[in-house]
Amino acid sequence: MRETFIDDIDESRWDLTLMRSGAGLVLSSASRDGESVDVSQSSVEPGDDSGTLWLVQGDDRRQARLAKVGDDWWVHLDGHVSCIRVAEPGATRAVTAGGGLVAPMPGKVLAVMCAVGDAVEAGQALMVLEAMKMENRICAAVSGRVSAICHDVGAQVDQGALLIEIEPAGDD
Amino acid sequence: MATPEWQEGAPSPFSKVLVANRGEIACRVIRACRELGLETVAVHSRGDANALHVELADEAVLLEGDLSATYLSIGAIMRACAATGAEAVHPGYGFLSERAEFAHAVEEAGVVWVGPPASAIESMGDKVAARRLMRDSGVPVTPGGELSESDDLPARTHALQELAARIGFPLLLKASAGGGGKGMRTVHSAGELDAAYVAAQREALSAFGDGTVYVEALLETPRHIEVQVLADSDGNVIHLLERECSVQRRHQKVVEEAPSAAIDEETRAAMGSAAVAAARAVNYLGAGTVEFLVAADGSFHFLEMNTRIQVEHPVTEMITGVDLVQEQLRIAAGLPLSISQSDISASGHAIEARIYAEDPANQFLPAGGRLVVWDPPVGPGVRIDAGVREGDDVSLDYDPMLAKLVVHAEDRSSCIERMTQALTRFVVLGATTNIEFLRDVVSHPRFAAAETTTDFISRCWPEGWSSDAHRDPGPPAAVLLAAAAEQLALHRTGVATSPGAALAEEDVGPDPYNPFLTLSRSFP
C-alpha cells in the first residue's frame, strides 16, 4: 500500500510503500518529492496501546506515541514531536465500521453537499467542516446511499461526532 | 464548616478560601487548602467552565464576560466572595495579585487577604519609589535615575540625555508601574534614546495606565537571582535562600533553579540579609520575592520585589522542604512562622522548566490546539504542577503556560540529568509545546557549566532555535511511523491493536480481569 505524507519540518512530500510482516509493517521503498531514495532496514510494530508503535531499525527498538488530529499525525519519538500530514487531496478518511463519517476534530459544519437518499461514490466530498480556521472536506469512504445527515450547516460538532451515515452499496 | 484545628487561637481564622486565579497556580493553592482542611471556591470565566481548577474546588462561581469582567474584576470577585461566604482570598500570581486596590477591597469587606498589606504592594509596585526606598534602607540598587513627569516632553528628553551621559550606554528604560518586559527598552546609543523613550512611555501607558519611565544602567550579561522571603505578623522575617532564573525569553523566565551555582556562601548570606532588609522596609507580610541582578563581578543590585507567590516557588520548596503556599495561609490567619532562619538549609538541587503552549521554532509564539495526549513523566524527585489535563483545549485567551515540571536530586548534575530524562518522557500531542526546546536548554554544555546569564538563549541559539532531531537521507522516522499508523488504522481502533487484545474483544468480551485487555483509550 502506498501512502503520501508531508513532513511539516521542510514540507517535503514523501511516498512510502510498506509491506505487511506479521503484526507489523516493513518499509520497502520511499521517494521524496517524486525522487526515489534508498531505505535502510526499518520496520514498525504495534505497541500494546492504541497510541503506541515500535520503530525497529536493526537492534534498535524505540517506542513512539501517536495521535491523529484531523489529517495530521502527531508523532512523539525520543522527546521530539513531529506533525505529519496525510496528503490525500484535502480529504479526511475518518470512517466508522458501518460506513458512517465522523468528525476528525471539533468544528463547525460549513456546507453539506448531499441529501438523504443520494447515491454517492467513494471519495466524493459530502461535507465541509471548519476547525481551527481550516476547512476539511469530509469524503465518502464507501460507495452507497446517504441514509442520514446528522448535522445541518452552522452546527458545532465535537470530535468523533457522527456526521453522515451511508448505507454501503451491494453486500458490504 | 469549622475552622481547622491548626488555626486554634489564631487572630484571624478562616475556613473557606476563594482562589482568584486560574491555571496551575489555582490548582496548587486549592490543593494546599485541602491539605490544611480548608474549603475552596474557584472563580472562572465561561471558557474555563471545564477547567481543572474548577473541578478541583469545592465550589465554583461563573463570572460572565471578558478578562476585565472576570479574573481582572475586583467587583465580580468580591461579589463571588459574598455569595459563597468565603472568608479569605488567595490571589495567586498575575491578574490582580499585585493590585493594592484589590487587597484594600478584600480587607474592607472583612475578608482575610492572603498576601502583604496593600501599603507594601503600593510601595513595591511603584518601581521608582521602591528604588529610592531600597537605597535608603541600604539595599544596593543599579545606577540609574528618574524623570520628572511634571516636565514637558522637551525638558524630559533633555534630562534623559543628561542622565544617560552620566550612567553610560547601554542602558534600560523601564516603566515604573511595569513588569513582564512591557514598557521596557534597551538603548545602545544617544541617538536611539528619544525614540525609545517615547515608545516605552506609550507602551507603559497602555499596559499599566501609567507612563512613568525611569532609567537604569544595563549590566553586561547579568544573572537574575532572587531571594524568597517569609514574614509573619509578629515581625519575624526570614529568607529561604535564592533561586536563579537567568534563562529567559522575551524577559520571561523559562528555566529556574535553586540554589544558584553562581554565587558563593558570602554572597548568598549578603543577598539574604538584603532581601530581609527590603521586606522589613515595607513592613512586609507573607511570602515575597526580592529580585536582584548579579553582575559578572559578583556584585548584586536590587531589581524589584514581587509581592506575591512566584511561578517558580516550587524549586525553593524542593530544597528547603517548606510548603510556601501553606505558610502563606498560616501567616494570613495571623499565626507565627512555623520555622526560623536557622531551620533553613538547602538539601540537594532543584530545577523547574515551564511548559508553554508555544512554538520555540517560531519566535516562541503561542500555539493553540487540543491536548489529545497529555502524559507527563512520573518518578522519584519529579513534580508536576499542571493547570490542564488530557483532552483540554489550550486557550489562547490567557498566558500560554500549561504546567511546570520540577525535579529534585542530590546535586546539580544529577538534577540536570533527571530533568533531561523527564522532558524526553513528557508526551504532549495535539498542541505544540516548548518541551523539546527545554530539553535542549538543560542539556546544553553551557547550562551544565552554569553559564546561565540572561542572554543564555540568544547566545546558545543566535539564529533562533530549531529541532535537531536527526535527519537521515532516508525518510524521517516520524513519516515512517505516521505511514504505519495510517496503514494499521491506529486512529480507528478504540482498543489495543495487539493480536491478544483483538482476540479478547471478539472471543471473551469485556472481562475486567483479562490480562490481554488494556485500558481503552480513543484517539481521533
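The coordinates are above.
Values in this document were obtained by computation on a predicted structure and should not be read as measured data.

**Observations regarding helix H12 (residues 412–425) of chain B**
Moving on, step 1. Taking 1.5 Å of rise per residue, the 14 residues of H12(B) would be expected to cover 20 Å, and the 20 Å separating its terminal C-alpha atoms lies within 8% of that figure.
Moving on, step 2. Those residues of H12(B) not exposed but buried are B:Arg412, B:Cys415, B:Ile416, B:Met419, B:Thr420, B:Ala422, B:Leu423 and B:Thr424.
Moving on, step 3. Its buried side turned inward, H12(B) meets strand E8 (72–77) of chain A together with strand E12 (252–258), strand E15 (349–356), strand E21 (401–409), helix H13 (435–442) and helix H14 (445–448) of chain B.

**Regarding the pattern of salt bridges**
All names here are of chain B.
Moving on, step 1. Enumeration over the complete set of coordinates arrives at 39 salt bridges over all chains.
Moving on, step 2. A salt bridge links Arg-28 to Asp-323; the shortest N-O distance between them is 2.8 Å. Highlighted residues: Arg-28 in helix H1 (residues 23–35) and Asp-323 in the loop between helix H10 (313–320) and helix H11 (324–332), separated in sequence by 295 residues.
Moving on, step 3. Classification of Arg-28 as buried rests on a relative accessible area of 10%.
Moving on, step 4. Judged by its relative accessible area of 23%, Asp-323 is partly exposed.
Moving on, step 5. One salt bridge in this structure joins Glu-146 and Arg-131, with 3.8 Å as the shortest N-O distance. Residue Glu-146 is found in strand E6 (residues 144–146), and its partner Arg-131 is found in helix H6 (residues 127–136); the two are separated by 15 residues along the sequence.
Moving on, step 6. Using a relative accessible area of 25% as the deciding quantity, one classes Glu-146 as partly exposed.
Moving on, step 7. Each of Glu-226, Arg-243, Lys-253, Glu-256, Glu-291, Glu-312, Glu-352 and Arg-354 takes part in salt bridges that share partners, so that together they form one network.

**Notes on H11(B)**
Residues and elements named next belong to chain B.
Moving on, step 1. Where burial is concerned, most of H11 is hidden: eight out of the nine residues are buried.
Moving on, step 2. Those residues of H11 that sit buried are Leu-324, Val-325, Gln-326, Glu-327, Gln-328, Leu-329, Ile-331 and Ala-332.
Moving on, step 3. One side-chain oxygen of the residue at the start of H11 lies 3.2 Å from the amide nitrogen of Val-325, identifying that residue as Asp-323.
Moving on, step 4. Directly after H11, the chain includes Gly-334, whose backbone phi takes a positive value near 90 degrees.

**Quick notes on the packing of helix H7 (residues 153–167) of chain B against helix H8 (residues 190–208) of chain B**
Residues and elements named next belong to chain B.
Moving on, step 1. Their axes nearest at 10 Å, the elements H7 and H8 cross at an angle of 125 degrees. The orientation of H7 with respect to H8, classified from their angle, is oblique. Classified by chirality, the crossing of H8 by H7 is right-handed. For the pair formed by H7 and H8, the contact residues are Leu-153, Arg-156, Thr-157, Leu-160, Gln-161 and Ala-164 on the first element and Ala-190, Leu-193, Asp-194, Tyr-197 and Gln-201 on the second.
Moving on, step 2. Its residues placed into classes, the contact of H7 with H8 shows six nonpolar, three polar and two charged.

**Description of the pairing of strand E9 (residues 80–86) of chain A**
Residues and elements named next belong to chain A.
Moving on, step 1. Among the seven residues of E9, five are classified as buried, and the element is accordingly described as predominantly covered.
Moving on, step 2. Pairing between E8 and E9: six bridges, direction antiparallel. Directly across from Val-75, in E9, lies its bridge partner Ser-82.
Moving on, step 3. From the end of E8 to the start of E9, which pair antiparallel, there are two residues, and Asp-78 there has a positive phi angle of about 50 degrees.

**Topic: the side chain of B:Glu226**
Residues and elements named next belong to chain B.
Moving on, step 1. Looking at where Glu-226 falls in the secondary structure, it is placed in strand E10 (residues 223–231).
Moving on, step 2. At 2.7 Å, the side chain of Glu-226 and the side chain of Arg-243 are in polar contact.
Moving on, step 3. Polar side-chain contacts of Glu-226 include one of 3.2 Å to the side chain of Gln-310.
Moving on, step 4. Contacts of Glu-226, omitting those with residues within four sequence positions, involve Leu-241, Glu-242, Arg-243, Cys-245, Lys-253, Thr-289, Val-290, Glu-291, Phe-292, Gln-310 and Glu-312.

**Some words on the pairing of strand E18 (residues 162–168) of chain A**
All names here are of chain A.
Moving on, step 1. Two strands pair when backbone bridges link them, and strand E11 (residues 101–102) and E18 are joined in this way by two bridges, in the antiparallel orientation. In the strand pairing of E18, Leu-101 is matched with Ile-164.
Moving on, step 2. Relative to E18, strand E16 (residues 144–149) runs antiparallel, the two sharing five bridges. Following the sheet pairing, Gly-144 is matched in E18 by Pro-168.

**Looking at the sheet that holds E12(B)**
Residue and element names in this part refer to chain B.
Moving on, step 1. Strand order in the open sheet formed by eight strands is E14-E13-E10-E11-E12-E15-E21-E19, with antiparallel pairing between adjacent strands. Each edge of the sheet is formed by a strand with only one pairing partner; in this case those strands are strand E14 (300–306) and strand E19 (382–386). When the angles between neighbouring strand axes are averaged without regard to direction, this sheet yields 25 degrees.
Moving on, step 2. Across four bridges, the pairing between strand E11 (residues 237–249) and E12 is antiparallel. The partner of Arg-249 across the bridge, within E12, is Gln-252.
Moving on, step 3. Helix H9 (residues 265–281) contacts E10, E11, strand E13 (286–294) and E14 of the sheet and is inclined by roughly 105 degrees relative to E11.

Rules and cut-offs
- Residues numbered from 1 in each chain as written.
- Chains lettered and ligands numbered in written order.
- Predicted model: local features only at pLDDT ≥ 70, side-chain atom pairs only at ≥ 80, totals over all residues.
- Heavy atoms only, no water.
- Helix = DSSP H or I, 4+ residues; strand = E, 2+ residues; numbered from the N terminus.
- Expected span 1.5 Å × (residues − 1).
- Buried < 20%, exposed > 50% of the residue type's maximum accessible area, 1.4 Å probe, protein only.
- Contact = heavy atoms within 4.5 Å.
- Salt bridge = Lys/Arg side-chain N within 4 Å of Asp/Glu carboxyl O.
- Polar contact = N/O pair within 3.5 Å; in protein donor to acceptor, adjacent residues only side chain to side chain.
- Axes fitted to C-alpha atoms, helices over the stretch in contact; angles between N-to-C directions.
- Parallel < 35°, antiparallel > 145°, perpendicular 65-115°, else oblique.
- Left-handed = near helix turned anticlockwise from the far one by under 90°.
- Nonpolar A, V, L, I, M, F, W, Y, C, P; charged D, E, K, R; others polar.
- Pairing = 2+ DSSP bridges.

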